[in-house]
Every structure is written in C-alpha cells, then in structure tokens.
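For reference, the chains in residue letters:
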Amino acid sequence: MNMEPERITVTSPLLPDLADFNALLQDIWSRKWITNNGFYIKQLETKLCSYLKIPFISVFTNGTLPLITALQALRITGEVITTPFSFVATTHSIWWNGLKPVFVDIDPVTCNINPDKIEAAITPRTSAIMPVHCYGNPCDTKRIKEIADKYHLKVIYDAAHAFGVEKDGESILKHGDLSTLSFHATKVFNTIEGGAMVMADESMKKYIDYLKNFGFAGETEVVAPGINSKMDEVRSAYGLINLNKVDTAIQARKKVAEKYREALKDVPGIRFMENIPGVRHNYGYFPIFVNEKEYGMSRDALYEKMKEANVYGRRYFYPLISTFSTYRGLESSAPSNLPVATRLADEVICLPIHHALSAEDVNRVIEQIVK
Ligand SMILES: Cc1ncc(COP(=O)(O)O)c(C=O)c1O
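Calculation rules
- Just so you know, the residues in each chain are numbered from 1, in the order the chain's sequence is written.
- Where local features are concerned, this predicted model is filtered to residues with pLDDT of at least 70; where side-chain atom pairs are given and counted, the filter is 80 or more; whole-chain, interface and lining totals use all residues.
- Hydrogen atoms and water are omitted, and side-chain values are computed over all heavy atoms in the structure.
- We call a residue near a molecule or strand when any one of its heavy atoms sits within 4 Å of it.
- Polar contacts, as used here, are pairs of N or O atoms within 3.5 Å; protein pairs need one atom able to donate a hydrogen and one able to accept it. Residues neighboring in sequence count only if both atoms are side-chain atoms.
- Note on areas: Shrake-Rupley with a 1.4 Å probe; residue coverage comes only from the protein chains shown.
- By the convention adopted, Pro, Cys, Tyr, Trp, Phe, Met, Ile, Leu, Val and Ala count as nonpolar, Lys, Arg, Asp and Glu as charged, and the other residues, Gly among them, as polar.
- Here, the term nonpolar core denotes a set of buried Ala, Val, Leu, Ile, Met, Phe, Trp, Tyr and Cys residues that are joined through side-chain atoms within 4.5 Å.
- Exposure is judged per residue with a 1.4 Å probe applied to protein chains only, and the accessible area is read against the type maximum: over 50% gives exposed, under 20% gives buried, and values in between give partly exposed.
- Think of it this way: any DSSP run of H or I at least four residues long counts as a helix, any run of E at least two long counts as a strand, and we number them from the N terminus.
- Working rule for contacts: check all heavy atoms of both residues, and any pair within 4.5 Å makes them a contact.
- Being paired, for any two strands, means DSSP has found at least two bridges between them.
- Angles here are taken between N-to-C directions and fall from 0 to 180 degrees, while the axes themselves are lines fitted to C-alpha atoms, restricted in helices to the stretch in contact.
- Any angle that is under 35 degrees is reported as roughly parallel, and any over 145 degrees as roughly antiparallel; angles of 65 to 115 degrees are reported as roughly perpendicular and all others as oblique.
- Should the near helix be turned counterclockwise from the far one by less than a right angle, the crossing is left-handed, whereas a clockwise turn marks it as right-handed.

Draft legend 1. Representation of the site of the ligand in the model. Every one of the 16 residues lining the ligand counts as a neighbour, but Gly63, Thr64, Asp158, Ser182 and Lys187 are closest to it. The contact in question runs from a nitrogen atom of the ligand to an N or O atom on the side chain of Asp158, over 2.7 Å. Within the side chain of Ser182, a nitrogen or oxygen atom sits 2.7 Å from an oxygen atom of the ligand. Within the complex, the protein chains bury 93% of what would otherwise be the 390 Å² of accessible surface of the ligand. Its residues placed into classes, the shell around the ligand shows five nonpolar, nine polar and two charged.

Written out as structure tokens, the structure is:
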C-alpha cells in the first residue's frame, strides 16, 4: 500500500462549476460566435470594470501580451527601468520591443522596486518605468509618479499579481499610464490563460482594442502594426462564472494566510509579509524568507525537505531575472547593483495557498517549517 501523503501544491485553479460552465457553453454553441469581441467577452469586460472599480479594460489572451502591447501603444523607446524580482515575462516584454531593460533594486519589505534607487538609473535614453506590484503589494505609486513626472517618463504597472487589490478603497490598477493583469490558471482570478490591460480613457481603450486585433479599426482599415492577442468567448464565459466566486476564494486564502502568520510568528529565521494598513489584499501568495543562520537550515534545504513530505512550495522569484543568460551581461544586472533582490531571491519560498487548501493541509505545511 502506498502510504505517501497526498501532494499539496503551491496553488490550485479556481474552477467554475461544470454545470454552470456547460450552460454557457450551450449558449455559445447556439450563438455560433466564438471570438472577436463577442457577447461574453464584452460582458466580462463590463463585469471586470465594475468588480475592479476601474473605468476601462481590454481583455487579452494572456498576461504577457498586454505588457508587450502597452510598450508599443505608448511608443516607448530606449531604456525601461524595471525590477529583477518578478516573473520573466516582465523583462521579456521590454526585450521583445527591442528596448533595454535597466534593473533597479527592490525594497526589502514590499519586494517592489525601490523608488529611492530609480533616479540614479535614469539616463537620457530612459522613457519608461515598468514596476511590478509584487505578490499584490502596492508599489509606492506616489513616489513613482513624482519621478515619472519630473523626467517625463511613462509608467506601465505589471499588476499580474494585483487582481482586486485596493488601497484606501481605490483600485491599485488606476495608477500609471497603463496597468496589466494576468488571468493565468495560477492566479487569484483565472480564465485558464488570459489577461487584460487597464486604462484611464476611452480613446486608449479603443486604440488597445485595435492593437490586439492586428490594428484593424474597421473592415478594411489597419491603423497600426497590431498583433493578435484577443480573448475568446469560451474563456470569457469561464471567467464570468469565476468572477462570482472570486470573493469567496479570496476569503478562503485570507484564512490560510492568517493561520500561517499565527503559526510562524515565533519561528526564528522565518520572516513573512504582514498586511499593509488600508490595503485590501488578495492573498495570492504567501512568501516566507528563510534566514539560514537564524533558522539553522538553508532555503533550498527547507524547500527539498518540504518536497520530500509532498509539500510543494515555489521559489518565486528565483533565480532573479537579471541572472538569466539573456540579461546577465547588462551593467544593471551586476549583483552589486541588486543586493536586496539577490538576497531575497535566495531566501524566498512561496508557501501553498489557494481557495481549496484544507486546515489539515495548512497544518502539514506548517509542520514542515516549525521544527
Ligand atoms: C509578474 C508577472 N508578470 C507577467 C506574467 C505573465 O502572465 P501570463 O502567464 O498570463 O502571460 C506573470 C505570470 O505569471 C507574472 O507573475
């Protein structure tokens, strides 16, 4: 008999009830319109605007293409200041536009780009800043705006982690020139694959809608060298059902986070993030930072030990983007330029957290960490 305990995964997709999804699939089948700004795509955009408290959104086929498209739409040139402590798609989107990423170190508490370090990285070629609301923690949007205004830079927020995050009752997605979301299966809100761009005005929404559809502005008119990154009807319908479930999922995640915080608060060498006053968090991630000296075990040793017990965390973000072969030759990739990001990438493990994690599962995770 196999006595191995059941695998606990770092996340688990929020799935619509199959009967609900089937009903919408039947409707899509009867409409015979499966993509290109169809009924469910439009409905998803309307419902997302209302849920997220934002004026305009354009849904995409994933969370990487809106990043690439945002840089195109704002005609960014030269250099883009960004964080190395993110998922590779952030920097890849800069590279895919033929631009130079310039890495700036992060704040040790929020893991977001450190505004104090941005000005020193600005050159005459800099035209934009691409920060990330890492783990859904809001960036210092006020400071970033002041710097951007002073140097006439555009700001594109990679808000892939920040679905539903609010600060003082306002959506975090309202900051910067544009913000992007990912609706990947691993995210708090998912459409299997999917994403979106959030903008402040209708004319930008129109332009982005053209760009994601090859630049078509009508049957025969192409206004820009666009791409195809459209969302389809099936995944929009799936998303609409999930949108009704996302608040319950966030509440379940919150309970998991609270259990972790309570259990880990006195473990020497284990640090975690606290809630930020005034912020509505989405509990998408629960990173812990392992101080090898104080904890008595390295991050990697703990990660492997957890795996042996069938508990799968994720070293997210490790390795740093700046260490990948494409980027490691850049001057800004030098570890001496990124001491905080370099240290945290070596300390971090994101613990399992999702809507369906049972109390026993949470205890099994905790047991691995509390010696
Ligand atoms: C910070 C960040 N940016 C961008 C992306 C890319 O999103 P997608 O996987 O939907 O293309 C992700 C996805 O994991 C992400 O975490």
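Draft legend 2. Region of interest: the nonpolar core. With 56 residues, the main nonpolar core has Leu48, Phe163, Leu181, Tyr260, Leu264, Ile288 and Leu351 as its most contacted residues. No other element matches the nine residues that helix H7 (residues 233-264) contributes to this core. Sequence-distant contacts of Leu48, defined by excluding residues within four places in its chain, comprise Lys53, Ile54, Ile57, Val59, Phe163, Phe183, Phe189 and Leu243.

Draft legend 3. Highlighting the pairing of strand E4 (residues 126-130). The element E4 is largely enclosed, with a buried count of five among its five residues. One ladder, built from two bridges, connects E4 with strand E5 (residues 154-158); its direction is parallel. Residue pairing across strands places Ile129 opposite Val155, the latter belonging to E5.

Draft legend 4. Representation of the packing of helix H3 (residues 65-73) against helix H4 (residues 89-96) in the model. Axis separation between H3 and H4 bottoms out at 9 Å; the angle between their running directions is 40 degrees. As far as their axial angle goes, H4 and H3 are oblique. Here the hand of the crossing between H3 and H4 comes out right-handed. Here H3 contributes Leu67, Ile68 and Leu71 to the contact with H4, which in turn contributes Ala89, Thr90, Ser93, Ile94 and Trp96.

These results come straight from atomic positions and should not be treated as a statement about function.
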